[in-house]
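Next come the chains, spelled out residue by residue.
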Amino acid sequence: MRINTRLKLAVLVPALMVLVIGVALFFSYKAAVDAQERDRTAQRIMSSMTGINGLVLSYMLYHEERTTQQFVAEHDSVRQLIAATQFRTSQEKQLVDRIRRDSESLRGLFLAMILNDERPRPLDGDALFREAEDRMAGQVLVRSRALVSDAARLEGLVDDEIIRTQRELNTIIFSVVAAVAVFLTVVLIRTMRSIGTSIATLHKGAEAIGTGNLGHRMGMSARDELGDLARSFDRMTERLQAVTVSRDDLQREVQERKKAEEEVVHLASFPEHNPNPVVEVDAAGRVKYLNPAAKTCFPDLAAQGTGHPLLADWESLANTLRTREHERVPSLARDVSIGDSWYLQTVSYLPSSQDFRIYARDITERKKAEQALEKAAEEWRTTFDAIPDLISIHDRDFRIIRANRAFAEAVGTSPLLACGRLCYALVHSTNEPWPGCPHRLAMERRQSVATEFYEPRLKKHLEVACSPVFEDGQVIGSVHVMRDITARKQAELVKDEFVGLVSHELRTPLTVIIGALSVATTDGLPQEQLMQLIHDANTYAFALAGIIDNLLELSRYQSNRLTLQAEPSNIAQIAREVVQKLRTKSDKHRLVVDIPPDVPAIVADRVRIERVLYNLVENAIKYSPRGGEVTVHAQQQGSHLVVSVSDQGVGISAEDQPKLFQSFERLRAHERHSIPGLGLGLRVCRILVEAHGGRLWVESTPGKGSTFFLTVPVSNGGEQAGG
């Protein structure tokens, strides 16, 4: 896996973690709300049963008729409450059924006891009558206390369920965070090990090549950027090895040529025995003598005369040699192609006879070696210039002796003009090498050096590998390889900013939600304060959902999975729903929907357009003073509807306006801590509007507020969207 891909994966995993936590919070929140509702019901049942028990005792003591009426009313209220509430666990349901049966039984016993008290007592059997009353009263008390006990047990079961739900939520969040942390740790450790191993291999290979071992190969199989660099080194080494071998062959050929020329001079006095062709011609190019070797090699020379390749351009050649008659041995040498063969032709002027003697030696093999050498050199230059990394070769005095095209283009010159320049002056525009110069360190340490730095002149982050070059055990220079890692550094910076920003923005609503729900479970909390806590938790849950929705929309867009469900929609209704939602978040602003009733319907994805308007109105509220007015307006222009959101806020300068629609871009850094947000809302708005075939722009004057405009296609059916 490539290093860049691993870094992108390290950015994507936290985003997935946010999604999983959001889903877990949503379902856990619903379960907690249901459990709290059942807890309140259990508390009311407990309170009612306690009240019924008190009414029973009060009647037994005072026999008041009002107590009987209160008992019946309280009993009916509890029965309706039990009938309207759905409990989840089997234990809760069994307790509720038993409470229902026992309460009905208690009601019957209590009413029977009242009727018995109202009857006149018989004159005889008073003791038996009193014993019956006592037994009935005892049954009433037993049932009443049993109901109180069952209600208390029901309340305890519901409280246990709330605690269990909270533990499950904490376990889910901890498990997700732990899993992501382990995954990121594994990815980063493997990436660091891979990079360290690759750099060590490059270091060892560059050192071996620097010592002259051109047969060494990196042999790296990694499919990342460092693997590409290693394979580029291997190709360059192969070309260098081919060029070096050919150069040695050429030196041998030159030595052989000198030796052959000496032999020609030695055998000049014995042309008949010379194994190489010897020819004598006059000034007009007429052949006067051919030795046996010449007759074999050039059988048609006499017939062709100056038309033969051996005597090509003869007149000019003869005149040149005659003008050099004062020299001791006036001669000229040149290479001549005859058919498929090449000959080294040495022409000497003989002043005594005014003739010319030509010695020819077959150099076909040497010519083939030279051509192969030239081809190899050209291939090496092509490969050297095709490598995208910035490669240069420096001598001991920091002068560039060779540079590839990528290096020259990066510093604004050509490979030819780069040669001879001081490397620190050309790259850094300085008068001396900087203290951490890799070239200097490589020569001092006599080993390869690797480092990273930012070059302000080139405005690039560079990864540098510098290896010394040795000759006879002495360091004579270095091979300097620079790779542009600006994109990787920017990806790392974006990742760090994204993780930090998302963590901060998610932590705030999560803290409020967890705090509010924790306080709301406290016993004896006033109803008004309890409702306010639930309202706060609900508000921040919606804020958290908005952040996650924006992240999801951006993710769909970047992965080409953004699809629209376009249908005729009422823009006025959408605007009113958005304003209604935001009024609950801020009652300090005046939110106005000013859309004429004759505005036609739009063809759009209703959910996405609602998200666009929600983001725009929410931004207008954030950046407007308290008491300011935010207006949503719409009017038709041709086949599109132009919708605008205006505020009376601080406004936006002209130089800041192009930055508004970039990801994670927030203006006025000093206000970031006072105004929450990821800087994604306007970016998502532009993506969604452009997906509908419309456009989004802003008109603003600092100090006079801002107006955001968007266009959406209208329906051809003629429906009206205003009202």
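For the structure itself, look to the data block above.
First, a word on what this report is: a plain description of the structure on this page.

Thresholds, definitions, all that
Residues numbered from 1 in each chain as written. Predicted model: local features only at pLDDT ≥ 70, side-chain atom pairs only at ≥ 80, totals over all residues. Heavy atoms only, no water. Helix = DSSP H or I, 4+ residues; strand = E, 2+ residues; numbered from the N terminus. Buried < 20%, exposed > 50% of the residue type's maximum accessible area, 1.4 Å probe, protein only. Contact = heavy atoms within 4.5 Å. Areas by Shrake-Rupley, 256 points an atom, 1.4 Å probe, with all protein chains shown as cover. Expected span 1.5 Å × (residues − 1). Polar contact = N/O pair within 3.5 Å; in protein donor to acceptor, adjacent residues only side chain to side chain. Axes fitted to C-alpha atoms, helices over the stretch in contact; angles between N-to-C directions. Left-handed = near helix turned anticlockwise from the far one by under 90°. Pairing = 2+ DSSP bridges. Core = buried A, V, L, I, M, F, W, Y, C linked by side-chain atoms within 4.5 Å. Salt bridge = Lys/Arg side-chain N within 4 Å of Asp/Glu carboxyl O. Patch = residues over 30% accessible without salt bridge, like charges linked within 9 Å, V, L, I, M, F, W, Y side chains within 5 Å.

## Details of the overall build of the chain
- The helix and strand inventory of the chain stands at 18 helices and 17 strands.
- Counting the 723 residues in the chain, one finds 42% classified as buried.
- Partitioning the contacts of the chain with sequence separation of at least 6, the portion at a separation of at least 24 is 63%.
- As displayed, the chain has an accessible area near 39000 Å², and 53% of this comes from carbon and sulfur atoms.

## Thoughts on helix α17 (residues 606-622)
- The end-to-end C-alpha distance of α17, which contains 17 residues, comes to 24 Å, matching closely the 24 Å that a straight helix rising 1.5 Å per residue would cover.
- Buried residues dominate α17, accounting for 13 of its 17 residues.
- Backbone nitrogen of Val607 and a side-chain oxygen of the N-cap are separated by 3.2 Å at the start of α17; the cap is Asp605.

## Focus: the packing of α17 against helix α18 (residues 681-691)
- Interaxial distance between α17 and α18 falls to 9 Å at its minimum, and their mutual angle equals 145°. In the crossing of α17 with α18, the sense of the turn from one axis to the other is left-handed. Touching Arg608, Arg611, Val612, Asn615, Leu616 and Asn619 of α17 are Gly681, Leu682, Cys685, Leu688 and Val689, all from α18.

## A closer look at the pairing of strand β8 (residues 449-455)
- Here β8 pairs with strand β9 (residues 460-471) via seven bridges, running antiparallel. The residue bridging Thr451 from the neighbouring strand is Val464, located in β9.
- Taking the residues that link successive antiparallel strands as the turn, the β8-β9 hairpin has four residues, and the phi of Lys459 there is positive, at about 55°.

## Details of the nonpolar core
- The biggest cluster of nonpolar side chains holds 40 residues, and the ones touching the most others in it are Ile571, Leu613, Leu616 and Leu710.
- For this core, the elements supplying multiple residues, two or more each, are α16 (571-583), β13 (602-605), α17, β14 (629-637), β15 (640-646), α18, β16 (696-700) and β17 (706-713).
- No other element matches the eight residues that α17 contributes to this core.
- Within the second largest apolar cluster, 32 residues are counted, among which are Ala35, Ile52, Val96 and Leu109.

## Focus: the pattern of salt bridges
- Applying the stated criterion across every chain yields a total of 15 salt bridges.
- For the salt bridge of Lys489 with Glu452, the shortest nitrogen-to-oxygen distance reads 3.2 Å. Of this pair, Lys489 sits in helix α14 (residues 486-520) while Glu452 sits in strand β8, and the two are 37 residues apart along the sequence.
- Among the residues examined, Lys489 registers a relative accessible area of 25% and is labelled partly exposed.
- Under the relative-accessibility criterion, Glu452 is labelled partly exposed at 38%.
- Across the salt bridge formed by Arg686 and Glu690, the nearest N and O atoms sit 3.9 Å from each other.

## Concerning the sheet that holds strand β5 (residues 355-362)
- Taken in spatial order, the five strands line up as β2-β1-β5-β4-β3 in an open sheet, and their pairing is antiparallel. At either end of the open sheet lies a strand with only one pairing partner, and these are β2 (287-290) and β3 (331-338). Mean inter-strand twist for the sheet, computed between neighbouring axes without regard to direction, equals 25°.
- Of the strand pairs in this sheet, β3 and strand β4 (residues 341-350) are connected by eight bridges, and their pairing is antiparallel. What sits directly across from Ala333, in β4, is Thr346.

## Considering a nonpolar patch on the surface
- On the surface, a cluster of nonpolar side chains totalling about 310 Å² of accessible area is made up of Val23, Phe26 and Phe27.
- Positionally, Phe27 belongs in helix α1 (residues 3-62).
- Given the relative accessible area of 52%, Phe27 is considered exposed.

## Details of the environment of Ile652
- Mapped onto the elements of the fold, Ile652 is located in the loop between β15 and α18.
- For Ile652, a relative accessible area of 10% gives the class buried.
- Sequence separation between Ile652 and Pro702 is 50 residues, and the spatial gap between their C-alpha atoms is 5.2 Å.

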